[in-house]
Amino acid sequence: MALAIHFTPPAMTAEQYDEVIRRLKTAGAGAPAGRRSHVCFGTGASMQVLDVWDSQDTFNAFGQTLMPILQEVGVDPGQPEIAEVHSSIAGG
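First, a word on what this report is: a plain description of the structure on this page. If you're wondering where the values come from, they're calculated on a predicted model, not measured in any experiment.

Calculation notes
Residues numbered from 1 in each chain as written. Predicted model: local features only at pLDDT ≥ 70, side-chain atom pairs only at ≥ 80, totals over all residues. Heavy atoms only, no water. Helix = DSSP H or I, 4+ residues; strand = E, 2+ residues; numbered from the N terminus. Expected span 1.5 Å × (residues − 1). Buried < 20%, exposed > 50% of the residue type's maximum accessible area, 1.4 Å probe, protein only. Arc of directions from axis to C-beta. Contact = heavy atoms within 4.5 Å. Bend = angle between axes of the 7 residues up to and from the residue. Lys, Arg positive; Asp, Glu negative; His and termini not counted. Salt bridge = Lys/Arg side-chain N within 4 Å of Asp/Glu carboxyl O. Polar contact = N/O pair within 3.5 Å; in protein donor to acceptor, adjacent residues only side chain to side chain. Phe/Tyr/Trp six-rings, centres within 6.5 Å; stacked < 30°, edge-to-face > 60°. Lys NZ or Arg CZ within 6 Å of the ring centre and 35° of its normal. Pairing = 2+ DSSP bridges. Axes fitted to C-alpha atoms, helices over the stretch in contact; angles between N-to-C directions.

Here helix 1 (residues 14–26) is 13 residues long and its end C-alpha atoms lie 18 Å apart, about the 18 Å a rise of 1.5 Å per residue gives. Of all the positions in helix 1, only Y17, V20 and L24 are classed as buried. Considered in projection along helix 1, the buried side chains sweep an arc of 60° and stay on one side of the axis. Exposed residues lying more than 90 degrees from the buried face of helix 1 are E15, K25 and T26. Its buried side turned inward, helix 1 meets strand 2 (35–41), strand 3 (48–53) and helix 2 (56–73). G28 sits one or two residues past helix 1 and shows a positive phi near 80°.

Put into structure tokens, the structure is as follows:
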């Protein structure tokens, strides 16, 4: 069962998000196995992230790379909200 994982950090700017993405790409994790979709949204220092993952295992594996990068960039991811995906409809 796929999982939706919603991160609402206490504070994250677009610049911090962009730096995290740059470092993930450098680490070879820009398009990790098991991640079906990724969206970042928000304004100012209130950026949020919504991912859909194949499983908790694929998300956990990615976390081994992500968490040290977040710490280096100074982003506290907070406690993500995790829920099973009931339906997903791709755009056309």
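Between the first and last C-alpha of helix 2 there are 24 Å, a value that for 18 residues agrees with the 26 Å anticipated at 1.5 Å per step. A bend of about 40° at G63 is the largest found in helix 2. Residues of helix 2 that are buried: F59, F62, G63, L66, I69, L70 and V73. Against the buried residues of helix 2 lie strand 1 (3–7), helix 1, strand 2 and strand 3. Backbone geometry just after helix 2 places G74 at a positive phi near 85°.

Below, the discussion takes up the side chain of D51. Among the secondary structure elements, D51 is positioned in strand 3. Buried within the structure, D51 lacks any salt-bridge partner; R35 is the closest side chain of opposite charge, at an N-O distance of 4.4 Å. At a separation of 2.5 Å, a polar atom in the side chain of D51 contacts the side chain of H38. Filtering out sequence-adjacent residues up to four positions away, D51 remains in contact with L3, A4, I5, R35, S37, H38 and V39.

So, about the packing of aromatic side chains. For the coordinates displayed, the defined rule picks out 3 aromatic pairs. Taking the centre distance of 5.2 Å and the plane angle of 35° together, the rings of W53 and F62 count as tilted. Just as W53 is buried, F62 falls in that class too. The ring of F62 carries the charged tip of R35 above its face, separated from the ring centre by 5.8 Å.

What follows covers the sheet that holds strand 3. Ordered in space as 2-3-1-4, the 4 strands form an open sheet in which the pairing is antiparallel. The strands lining the two open edges of the sheet, one partner per strand, are strand 2 and strand 4 (81–84). Looking at each pair of strands side by side, their axes are set apart by 15° on average, direction ignored. With 5 bridges joining them, strand 1 and strand 3 adopt antiparallel strand pairing. In the strand pairing of strand 3, A4 is matched with V52.

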